[in-house]
Amino acid sequence: MTLQPISTQPLSIQTNELLVRELFTALNEHDLASLQILLSPAAVLHVPGHNSNAGDYYGHNGFLEFWSKLSQRVAGRVEIKVGDVLANHKSAAVLALSVAERKGEKLENRVAYVLKLEEGRVTECWIHNYDQTTVDAFWS
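Presented here is a report on the structure given in the accompanying data block.

How each quantity is defined
- Residues numbered from 1 in each chain as written.
- Predicted model: local features only at pLDDT ≥ 70, side-chain atom pairs only at ≥ 80, totals over all residues.
- Heavy atoms only, no water.
- Helix = DSSP H or I, 4+ residues; strand = E, 2+ residues; numbered from the N terminus.
- 1 Å grid on protein atoms, 1.4 Å probe; cavity = no way out; pocket = protein on both sides within 12 Å on 5 of 7 lines; lining within 4 Å.
- Points joined across faces, edges and corners; volume = space filled by probe spheres on them.
- Pairing = 2+ DSSP bridges.
- Axes fitted to C-alpha atoms, helices over the stretch in contact; angles between N-to-C directions.
- Contact = heavy atoms within 4.5 Å.

In this structure, H30 takes a positive phi of about 55 degrees despite not being glycine. Relative to the helices and strands, H30 is located in the loop between α1 (11–29) and α2 (32–38).

Rolled over the atoms, a probe with the dimensions of a water molecule shows which regions are left empty. What the rule picks out here adds up to one cavity of 30 Å³ or more. As a volume, the largest cavity reaches approximately 310 Å³. Along the walls of the largest cavity sit 25 residues, with F66, L70, S98, Y113 and I127 positioned nearest its centre. Listed by contribution, the elements that provide at least two residues to the lining of the largest cavity are α1, β1 (39–47), α3 (59–72), β5 (105–118), β6 (121–129) and α4 (132–139).

Our next topic: the sheet that holds β6. Read across the sheet, six strands follow the order β2-β1-β6-β5-β4-β3 without closing on themselves; strand pairing throughout is mixed. At either margin of the open sheet sits one strand with a lone partner, and together these are β2 (55–58) and β3 (79–87). Each neighbouring strand pair of the sheet contributes to a mean axis angle of 20 degrees, computed without reference to strand direction. For β1 and β2, the ladder comprises four bridges, and the chain directions are antiparallel. Counterpart to H46 in the pairing with β2 is D56. Across the sheet, α3 is in contact with β1, β2, β3 and β6; its angle to β1 comes to roughly 45 degrees. Against the sheet, α4 makes contact with β4 (91–102), β5 and β6, and its axis sits at roughly 115 degrees relative to β5, the strand it touches most.

By themselves these figures say nothing about function.
Structure below.
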């Protein structure tokens, strides 16, 4: 196996990393116009857990429904602080810290988002919480 300098890697990997970073910026800023561009109309969001937010959400409206549900239930903003983004031609992983405040309690949850990418859009997203029990307790 011959290693190549990063500059010769396909541009689509860098483009996919940028796409994913733009998605999380749009979520944090409630930028609906950008979300409609970045998400496939048939996108699916998989939310784990045993709380009222858990389940599968479908399409642009599903992602917006999930994000709106979170925002309505907190005193202040829900924020996703993106750390590392790992991307290739078909998928990406985002290591992040999700921060929310509700009923005087603060949640700082380490999260891994796994995304499927097709034709320059996010088609599927799985959320993996570091401590699902704490997340469930916070949102219950």
